[in-house]
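# Secondary and tertiary structure notes
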Amino acid sequence: MNRRLLFILPLLTLVLMAGFFAWSLMAGRDPASIGSVLVGRPAPRLEVKALRDGEPPLTDALLRTGKPAIVNFFASWCTPCLAEHPLFTRLATRDGAVIIGVAWKNKPPEALAWLKRLGDPYKFAGADLEGRAGLDWGLSGVPETYLVDGQGIVRRHFRGPITERDVNETILPFLKGGR
Amino acid sequence: MTRQNCHPERSEGSFLSPQRSLGLRPRDDNFRFWALCVVMLSLFAFPASAVEPSEMLPDPALEARARDIGRSLRCVVCQNQSIDDSNAEVARDMRRAVRERLVAGDDDQKVFAYMVARYGDYVLLKPPFKAGTWALWLGGPLVLLIAGVALLIAARRRKPLVPPPSLSDEEQRRLNALLKP
């Protein structure tokens, strides 16, 4: 009996490990994902000076209007931002979404030139040149996008560019339902 | 993303370039001496910190605390580096924030809480002990404990060694005959 156990033990270990590896590969688990602690909590403070000349700075009041808002950190030097840009344009024009853009570590003339070239989907735009607002929002890079409901609670946090699928499955239902 | 300084030297006559025309023994000893020096010096090498002089606080005590904190905060871009080791922009912002909090009079716990509020437990290189991490903390000691107990039981169960039966008269005689010089 003891001898048989000796034979079965390595086999059992192998099966356990193979199972764990299979689960790691298939469960859509991303070990590089750093998650977000903001989801479900009131949005961090938004104190950013305006990107466009002559506009008032961004404040928390923009996130507590009773209407859902999308906060998008972007930069003209960021290629994934370029990739997701048409989706925001469509959300703004076709779906009437309120999108707040924050140019992160991006010189305002460069960000403005980028928006002039590609179109400007942002109802409000701020410039976070030193990355202070980014830190408050738990930013790890650009682009990152937050869905904030009318009461100022963060409902989703996308790290990296949003996709067509995110728009259809998450953002549009959020805009309709406010959650 | 650690900094590496590469200065390949191509100057003629460097002690690293073997010169056949001077292939004398003293020359070899010289080479060995310098090679040993290089090896010895490399023992003192440590990963360069990414903290730049312009970021440092004038107060050495505060700066030392900032370094201690920075070494236990994980860079959110580079995953396996502390913010002190990382050259990422976000890591620099985090180092700045740590120093600003310290100057504002926060204690170390408050600075950690400040970062956790923004980036979650993820930023702590030493994860806290809680429901989600008990397996991480206890797993190692537990396996050690199980192995220890198993070893102890196995040792107890082991039968004492039985001394081999002594030789019969016939065998003894043969042995003596073989051993005879």
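In case you missed it, the structure is sitting above this.
Residues numbered from 1 in each chain as written. Chains lettered and ligands numbered in written order. Predicted model: local features only at pLDDT ≥ 70, side-chain atom pairs only at ≥ 80, totals over all residues.

## Details of the packing of helix α2 (residues 60-71) of chain B against helix α3 (residues 89-103) of chain B
Residues and elements named next belong to chain B. Definition in use: Note on geometry: axes are lines fitted to C-alpha atoms, helical ones only across the stretch in contact, with angles between N-to-C directions running from 0 to 180 degrees. Note on conventions: DSSP H or I runs of at least 4 residues are helices, E runs of at least 2 residues are strands, and numbering of each starts at the N terminus. Angle categories: roughly parallel below 35 degrees, roughly antiparallel above 145, roughly perpendicular from 65 to 115, and oblique for all the rest. Two helices cross in a left-handed way if the nearer one is turned anticlockwise from the farther one by less than a right angle. They cross in a right-handed way if the turn is clockwise. Placing a C-beta atom from the backbone of each residue, one calls two residues in contact when those atoms lie within 7 Å. Only Asp, Glu, Lys and Arg are considered charged, only Ala, Val, Leu, Ile, Met, Phe, Trp, Tyr, Cys and Pro nonpolar, and every remaining residue, Gly among them, polar.
One can describe the packing of α2 onto α3 by two numbers: an axis separation of 10 Å at closest approach and a directional angle of 135°. Taken together, the axes of α2 and α3 lie oblique to each other. Crossing of α2 against α3: the hand is right-handed. Facing Leu62, Arg65, Ala66, Ile69 and Gly70 of α2, the residues of α3 in contact are Arg95, Val98, Arg99, Leu102 and Val103. Among the residues making up the contact of α2 with α3, the classes are represented as six nonpolar, one polar and three charged.

## Brief notes about helix α1 (residues 2-26) of chain A
All names here are of chain A. Where we set the bar: In this analysis, the expected span of each helix is defined as 1.5 Å times one less than the number of residues it contains. Bend, at a single residue, is the angle you get between axes fitted to the 7 residues ending at that residue and the 7 residues starting at it. Exposure criterion: with C-beta atoms placed from backbone coordinates, a residue whose C-beta has 20 or more other C-beta atoms within 10 Å is buried, one with 12 or fewer is exposed, and one in between is partly exposed.
With 25 residues, α1 extends 36 Å between its outermost C-alpha atoms, agreeing within 8% with the 36 Å of an ideal straight helix rising 1.5 Å per residue. The axis of α1 is deflected most strongly, by about 25°, at isoleucine 8, and proline proline 10 appears within four residues downstream. Burial analysis of α1 places just zero of its 25 residues in the buried class, which makes it a mostly uncovered element. Following α1 by one or two positions, glycine 28 adopts a phi angle in the positive range, close to 70°.

## What to know about the interface of chain B and chain A
Many structure descriptions define interface size as the accessible area lost when the parts assemble. Taken residue by residue, the interface counts twelve residues in chain B and twelve residues in chain A. Contributing elements (two or more residues each) for the side of chain B that touches chain A: α3 and α4 (108-119) of chain B. Here the side of chain B that touches chain A is built from residues that sort into seven nonpolar, two polar and three charged.

## Details of the nonpolar core
What counts is decided by this rule: For this entry, the nonpolar core is defined as buried Ala, Val, Leu, Ile, Met, Phe, Trp, Tyr and Cys residues connected by C-beta atoms within 7 Å.
A:Ile100, A:Val102, A:Ala103, A:Trp104, A:Val148 and B:Met94 are the most contacted members of the largest nonpolar core, which has 58 residues in total. Here the element with the most residues in this core is α3(B); it accounts for six residues. When near neighbours in sequence (up to four residues on either side) are disregarded, B:Met94 contacts A:Leu135, B:Leu73, B:Ile83 and B:Met115.

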